[in-house]
Amino acid sequence: MEYFLTEQQKTIKSLARRIAEERILPVRAELDEKEEFPGSIVKDLADADMFRVFLPEEYEGLGGGCLDLCLVIEELSRVCSGVGVTYAASALGSLPLLEYGTEEQKQKYLPDIASGKKLAAFALTESTAGSDASAIKTTADKQDGGYVLNGTKQFITNGGEAELYTVIVLTDKKKGARGASAFLVEKDTPGFSFGRKERKMGIRTSSTRELIFRNCLVPKENIIGKEGMGFIITMRVFDRSRPGIGAQAVGLGQGALEAAVGYAQQRVQFGHPIIALPVVQNMLANMAIEVEAARALVYAIAKTIDSGAKKFTEESAMAKVFASDMAMKVATDAVQIFGGVGYMKDYPVEKMMRDAKIMQIYEGTNEVLRTAIAIELRKRKAMRE
Ligand SMILES: Cc1cc2nc3c(=O)[nH]c(=O)nc-3n(C[C@H](O)[C@H](O)[C@H](O)COP(=O)(O)OP(=O)(O)OC[C@H]3O[C@@H](n4cnc5c(N)ncnc54)[C@H](O)[C@@H]3O)c2cc1C
């Protein structure tokens, strides 16, 4: 389908595809098997200016936006969603700074994020606070010159690999959700260390780790926005980042579809390639329809965001939910078309099926997001009455 991308977006997309084909494809199975962080691929992406695409020119970015970011995430995830999320999580970690940071903070940190010299990460989740983010317990106590952080964050993408962390903590325990604030924490800050590295079902090349804060003094200049804005920043940032999860899902779906078409053309049973079977054609056609529908939705919301729209919470959630459900279904159907070998690690669809699952879980589970969409529908109906 023609999406009327700009010349710059077309260039970005084709460059991301080339890196995925030439640098990720040959090693994706090994990275997955060894649960190895894709450090050299991150460097390739940095050298190709891929971390610059969504950042403004004044911070050494290329001046693009959400769609440019989605195009890169999609192309990387078409080959390996683990690399896709490593790249996407750095953008997520830098979005609070980009949207709510001071000029000094932006000048200090964003150029190194843009060059890919530093990866970023976003830390909200704790063992007692997943969907219910308001249950976080990590605290930041105000002291002379700064805030002292204590607590543990869980399941943080790019944990241990990122140099810069946006961390959501409580500056006022009594106020609950309204007492949360966002801080920038540099990797080598005394009192900040890394705990368990998770062993995962999918996206295994990405690093998912605990962050541990023990009397970690963070300068007062590192607060993003004001005290009490932590959850507002989180929600607004997720509105902007969820299309990126949608793009991850579209890339995975595209990769699974292509693999399934290729296999169906060469696998012969009963004297004919299985692609001649109407039931297989039907599955492939449905997969193609679903991938394209998800892509259209993700690109549409990304363009809406880039056009300066003010409110897009539900639409952004819809893109994430629709695309991630599509990816899970398309990857499962791809395994079905491969038959027995689809279940083996020798073929890529086994990994794709494992990788797809997380997209229905992180950045808000699809159940929680559906609930949020339904609440909004009820509100809109009540307003009409
Ligand atoms: C690989 C990986 C990477 C991650 N990366 C990051 C990261 O970089 N930064 C970060 O902060 N977090 C990260 N997370 C955390 C992730 O966002 C959470 O796991 C997710 O939000 C769900 O929280 P939970 O795991 O505690 O599940 P729970 O909240 O315990 O949910 C369990 C089940 O209950 C359902 N449920 C809970 N509440 C409701 C509700 N109100 N309505 C309907 N259903 C509900 C859920 O949908 C789910 O099915 C990551 C997680 C994983 C696994």
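For the structure itself, look to the data block above.
The model shown is predicted, which means the values in this text are computed figures rather than measured ones.

Engineer: Residue-level account of the overall build of the protein, with values.
Structural biologist: The secondary structure content of the protein amounts to 11 helices and 10 strands. Its C-alpha radius of gyration of 21 Å places the protein within 12% of the 21 Å reference for a compact globule of 385 residues. Taking the principal axes of the C-alpha coordinates as reference, the protein spans close to 80 × 55 × 40 Å. Among the 385 residues that make up the protein, the fraction classed as buried is 55%. When the accessible surface of the protein is split by element, carbon and sulfur atoms take 55% of a total near 17,200 Å². For the protein, the distance from the average position of its 51 positive side-chain charges to the average position of its 51 negative side-chain charges is 4 Å.

Engineer: Could you give an account of the nonpolar core, naming the residues involved and the relevant values?
Structural biologist: Ranked by size, the top nonpolar core spans 119 residues in total, and within it Leu45, Tyr87, Leu149 and Val185 carry the most contacts. Broken down by element, the residue count for this core peaks at 15 residues, all from helix α7 (residues 230-266). What leucine 45 contacts, discounting residues up to four positions off in sequence, is Ile19, Met50, Phe51, Leu76, Val83 and Tyr87.

Engineer: I'd like a description of helix α4 (residues 66-79), backed by residues and values.
Structural biologist: Owing to its 3.6 residues per turn, the α-helix brings residues three or four apart onto one side. Given a rise of 1.5 Å per residue, 14 residues ought to cover 20 Å, and the 21 Å separating the end C-alpha atoms of α4 matches this to within 8%. Among the 14 residues of α4, 14 are classified as buried, and the element is accordingly described as predominantly covered.

Engineer: Please give an account of the pairing of strand β1 (residues 120-123) that cites residues and values.
Structural biologist: Here β1 shows a buried face lined by Ala120 and Phe122 and a second buried face lined by Ala121 and Ala123. With 4 bridges connecting them, β1 and strand β4 (residues 164-170) associate as parallel partners. Within β4, the residue paired with alanine 123 across the bridge is valine 167.

Engineer: Any details on the site of the ligand? Residues and values, ideally.
Structural biologist: In the vicinity of the ligand lie 20 residues, with Thr125, Ser131, Phe155, Thr365 and Glu367 positioned nearest. One nitrogen or oxygen atom from the main chain of phenylalanine 155 is found 2.8 Å from a nitrogen atom belonging to the ligand. A distance of 2.8 Å separates a nitrogen atom of the ligand from a polar side-chain atom of threonine 157. Here the ligand has 970 Å² of accessible area as a free molecule, and 64% of this is covered by the chains. Partitioning the shell around the ligand into residue classes produces 10 nonpolar, 7 polar and 3 charged.

Engineer: How would you sum up a negative patch on the surface? Please name residues and give values.
Structural biologist: Residues Glu57, Glu58, Glu103 and Glu104 make up a contiguous surface patch of negative charge. In this fold, glutamate 104 is placed in helix α6 (residues 103-115).

Engineer: With reference to specific residues and values, describe the pattern of salt bridges.
Structural biologist: Inspection of every chain in the model, using the stated rule, returns 35 salt bridges. Residues aspartate 32 and arginine 204 are paired through a salt bridge, measuring 3.7 Å at the closest nitrogen-oxygen approach. In this pair, aspartate 32 is assigned in helix α2 (residues 28-34) and arginine 204 in the loop between β6 (192-197) and β7 (208-219), connecting sequence segments 172 residues apart. Taken individually, aspartate 32 and arginine 204 each receive the classification buried, so the pair is uniform in this respect. Notably, a salt bridge pairs arginine 204 with glutamate 35, separated by 3.9 Å at the nearest N-O pair.

Engineer: Tell me about the packing of helix α9 (residues 313-338) against helix α10 (residues 348-357), residues and numbers included.
Structural biologist: Direction vectors running N to C along α9 and α10 enclose 160°, while the axes themselves pass 8 Å from each other. Considering the angle they form, α9 stands roughly antiparallel to α10. Pair α9 / α10 crosses with left-handed handedness. Mapping the contact onto sequence places Ala327, Met328, Ala331, Thr332, Ala334, Val335 and Phe338 in α9 and Val349, Glu350, Met352, Met353, Ala356 and Lys357 in α10. Partitioned by chemical class, the residues of the contact of α9 with α10 number 10 nonpolar, 1 polar and 2 charged.

Engineer: Summarise a nonpolar patch on the surface; cite the residues concerned and give the values.
Structural biologist: Side chains of Leu297, Met318 and Phe322 sit close together on the surface and give an oily, nonpolar patch of about 230 Å² of accessible area. Relative to the helices and strands, methionine 318 resides in helix α9. Judged by relative accessible area, methionine 318 falls into the partly exposed class, the value being 34%.

Engineer: An account of the pairing of β4 is requested, with residue identities and associated values reported.
Structural biologist: Burial within β4 is extensive, with 7 of its 7 residues counted as buried. Burial of β4 is two-sided: the residues Leu164, Thr166, Ile168 and Leu170 facing one way and the residues Tyr165, Val167 and Val169 facing the other way are all buried. Two elements, β4 and strand β5 (residues 180-186), share 7 bridges in a ladder whose sense is antiparallel. Considered in β5, the bridge of isoleucine 168 is made with alanine 182.

Engineer: Pulling in residues and values, what's your account of unusual backbone geometry?
Structural biologist: One non-glycine residue with positive phi stands out, namely isoleucine 203, at about 35°. With respect to the helices and strands, isoleucine 203 occurs in the loop between β6 and β7. The phi torsion at glutamate 363 lies on the positive side, around 55°, for a residue other than glycine. Within the fold, glutamate 363 resides in the loop between α10 and α11 (366-384). Judged by its relative accessible area of 14%, glutamate 363 falls in the buried class.

Thresholds, definitions, all that
Residues numbered from 1 in each chain as written. Predicted model: local features only at pLDDT ≥ 70, side-chain atom pairs only at ≥ 80, totals over all residues. Heavy atoms only, no water. Helix = DSSP H or I, 4+ residues; strand = E, 2+ residues; numbered from the N terminus. Rg over C-alpha atoms; globule rule 2.2 N^0.38 Å. Buried < 20%, exposed > 50% of the residue type's maximum accessible area, 1.4 Å probe, protein only. Areas by Shrake-Rupley, 256 points an atom, 1.4 Å probe, with all protein chains shown as cover. Lys, Arg positive; Asp, Glu negative; His and termini not counted. Charge placed at Lys NZ, Arg CZ, Asp CG, Glu CD. Core = buried A, V, L, I, M, F, W, Y, C linked by side-chain atoms within 4.5 Å. Contact = heavy atoms within 4.5 Å. Expected span 1.5 Å × (residues − 1). Pairing = 2+ DSSP bridges. Near = heavy atom within 4 Å. Polar contact = N/O pair within 3.5 Å; in protein donor to acceptor, adjacent residues only side chain to side chain. Nonpolar A, V, L, I, M, F, W, Y, C, P; charged D, E, K, R; others polar. Patch = residues over 30% accessible without salt bridge, like charges linked within 9 Å, V, L, I, M, F, W, Y side chains within 5 Å. Salt bridge = Lys/Arg side-chain N within 4 Å of Asp/Glu carboxyl O. Axes fitted to C-alpha atoms, helices over the stretch in contact; angles between N-to-C directions. Parallel < 35°, antiparallel > 145°, perpendicular 65-115°, else oblique. Left-handed = near helix turned anticlockwise from the far one by under 90°.

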